Amino acid sequence: MTIRTNTPSLLDNPPIPVQAKLTAAWTSFMFFYIYVDYLHLYKGAAVHWQASLIH
């Protein structure tokens, strides 16, 4: 009599938890948002507009 057991192979991909997927999506979105916001400062009109608010 033979008993078969399921042994995981190296090619099996374990499922990724939903919380980890949401965390990765949120982190990448925030990096993108900060990147776009930071590049907005390099436009001349944005710097002039912010300087006019101070004075």
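The structure this text deals with has already been given above.
Residues numbered from 1 in each chain as written. Predicted model: local features only at pLDDT ≥ 70, side-chain atom pairs only at ≥ 80, totals over all residues. Heavy atoms only, no water.

Colleague: Sorry if this is basic, but what is going on with the packing of aromatic side chains here?
Modeller: Within a pair of aromatic rings, the relevant descriptors are the distance that separates the centres and the angle that separates the planes. This structure, assessed with the given rule, holds two aromatic pairs. Where Trp26 meets Phe29, the ring centres are 6.2 Å apart and the plane angle is 40°; that geometry is what we call tilted. Of this pair, Trp26 and Phe29 both sit in helix H1 (residues 18-40), separated by three residues, roughly a single helical turn. The exposure class assigned to Phe29 is partly exposed, which follows from its relative accessible area of 45%. A network of ring pairs unites the aromatic residues Trp26, Phe29 and Tyr33 as a single cluster. (Phe/Tyr/Trp six-rings, centres within 6.5 Å; stacked < 30°, edge-to-face > 60°. Helix = DSSP H or I, 4+ residues; strand = E, 2+ residues; numbered from the N terminus. Buried < 20%, exposed > 50% of the residue type's maximum accessible area, 1.4 Å probe, protein only.)

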